[in-house]
Amino acid sequence: MTTSLSNSLKGSVVTLLAALLAAAASTLCCLGPLLYLVFGISAAGLTGIPALSWLQLPMIFLSVGLMLRGFWRLYLSPRPVCVNVVSRRALLWLYWLSVPLLLALMTYPYVLPWLWEWME
């Protein structure tokens, strides 16, 4: 029975981490201009990053889907998340702390230009 508890916890944490990684991967196309803007970095190696823009939409869908799966497992699942090492409260805190991070990673390519225009 301990292995099923451990596997359930691992599945929840893996889902949460996969959603965050997918959100981070969805912003790879805009990483170069953001680094240029924020840090003044100019490197010829960053010129190939905008070629990954075709990955942005699938990664956004993947990260939203994984976050919805995590929400379903934490709140709506008929089989509750069994916690052994980490408490349910800690999993809920991790989930709700990762949601704003996920939203920031997914929306900054659209929000940042709007903020720059608004601040001018």
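K.L.:
Quick question: what am I supposed to make of the environment of Ser12 here?
P.N.:
Mapped onto the secondary structure, Ser12 falls in helix H1 (residues 2-26). A C-alpha to C-alpha distance of 7.5 Å links Ser12 and Arg73, two positions 61 residues apart in sequence.

K.L.:
Could you clarify how one ought to interpret the packing of helix H3 (residues 56-76) against helix H4 (residues 88-119) in this entry?
P.N.:
With their axes 11 Å apart at the nearest point, H3 and H4 run at an angle of 160° to one another. Between H3 and H4, the interaxial angle falls into the category roughly antiparallel. Once H3 is placed against H4, the crossing between them reads as left-handed. Along the contact surface, H3 presents Gln56, Ile60, Ser63, Val64, Met67, Gly70, Phe71, Leu74 and Tyr75, while H4 presents Arg88, Leu91, Leu92, Tyr95, Trp96, Ser98, Val99, Leu102, Met106, Pro109 and Tyr110. Its residues assigned to classes, the contact of H3 with H4 comprises 15 nonpolar, four polar and one charged.

K.L.:
How should empty space enclosed by the protein be read in this particular structure?
P.N.:
To find leftover empty space, a probe the size of one water molecule is rolled over the atoms. On inspection of all chains with the given rule, the structure shows one cavity of 30 Å³ or more. Every element with two or more residues in the lining of the largest cavity is listed here: H1, H3 and H4. For the lining of the largest cavity, the leading source of residues is H1, giving five residues. Looking at side-chain class alone, the lining of the largest cavity contains five nonpolar, four polar and two charged residues.

K.L.:
I'm lost on the environment of Tyr110 in this one. Help?
P.N.:
Within the element layout of this structure, Tyr110 appears in helix H4. Given the relative accessible area of 53%, Tyr110 is considered exposed. Among the polar contacts listed, one links the side chain of Tyr110 to the side chain of Gln56, at a separation of 3.3 Å.

K.L.:
Just checking my understanding: could you explain the packing of aromatic side chains for this structure?
P.N.:
One pass over the full model with this rule turns up six aromatic pairs. Measuring from ring centre to ring centre gives 6.4 Å for Tyr75 and Trp96, while their planes differ by 50°; the resulting arrangement is tilted. In this pair, Tyr75 sits in helix H3 while Trp96 sits in helix H4, placing the two residues 21 residues apart along the sequence. These aromatic residues form a ring-pair network of at least three members: Phe71, Tyr75, Tyr95 and Trp96.

K.L.:
I keep staring at H3 and nothing clicks. Help me out?
P.N.:
A turn of α-helix holds 3.6 residues, and therefore any two residues three or four places apart point the same way. The first and last C-alpha atoms of H3 sit 29 Å apart over 21 residues, in line with the 30 Å expected at 1.5 Å per residue. Where H3 is concerned, the buried positions are Gln56, Ile60, Ser63, Leu66, Met67, Gly70, Arg73 and Leu74. Around the axis of H3, the buried residues are gathered within 155° of arc, so they sit on the same side. When the buried face of H3 is taken as reference, the exposed residues oriented beyond 90 degrees from it are Leu57, Phe61, Leu68 and Leu76.

K.L.:
Just checking my understanding: could you explain H4 for this structure?
P.N.:
Largest kink in H4: about 65°, centred on Tyr108, with the proline Pro109 one to four residues after it. Those residues of H4 that fall on the buried side of the exposure criterion are Leu91, Leu92, Tyr95, Ser98, Val99, Leu102, Met106, Tyr108 and Pro109.

K.L.:
What am I meant to see in the nonpolar core here?
P.N.:
Soluble globular proteins: nonpolar side chains tend toward being buried together. Grouped together as the largest cluster of nonpolar side chains are 14 residues, with contacts concentrated most on Met67, Leu74, Tyr95, Leu102 and Met106. Elements that contribute at least two residues to this core include exactly H1, H3 and H4. By residue number, the principal contributor to this core is H4, which donates six residues.

Here is what the cut-offs are and how they apply
- Residues numbered from 1 in each chain as written.
- Predicted model: local features only at pLDDT ≥ 70, side-chain atom pairs only at ≥ 80, totals over all residues.
- Heavy atoms only, no water.
- Helix = DSSP H or I, 4+ residues; strand = E, 2+ residues; numbered from the N terminus.
- Axes fitted to C-alpha atoms, helices over the stretch in contact; angles between N-to-C directions.
- Parallel < 35°, antiparallel > 145°, perpendicular 65-115°, else oblique.
- Left-handed = near helix turned anticlockwise from the far one by under 90°.
- Contact = heavy atoms within 4.5 Å.
- Nonpolar A, V, L, I, M, F, W, Y, C, P; charged D, E, K, R; others polar.
- 1 Å grid on protein atoms, 1.4 Å probe; cavity = no way out; pocket = protein on both sides within 12 Å on 5 of 7 lines; lining within 4 Å.
- Points joined across faces, edges and corners; volume = space filled by probe spheres on them.
- Buried < 20%, exposed > 50% of the residue type's maximum accessible area, 1.4 Å probe, protein only.
- Polar contact = N/O pair within 3.5 Å; in protein donor to acceptor, adjacent residues only side chain to side chain.
- Phe/Tyr/Trp six-rings, centres within 6.5 Å; stacked < 30°, edge-to-face > 60°.
- Expected span 1.5 Å × (residues − 1).
- Arc of directions from axis to C-beta.
- Bend = angle between axes of the 7 residues up to and from the residue.
- Core = buried A, V, L, I, M, F, W, Y, C linked by side-chain atoms within 4.5 Å.

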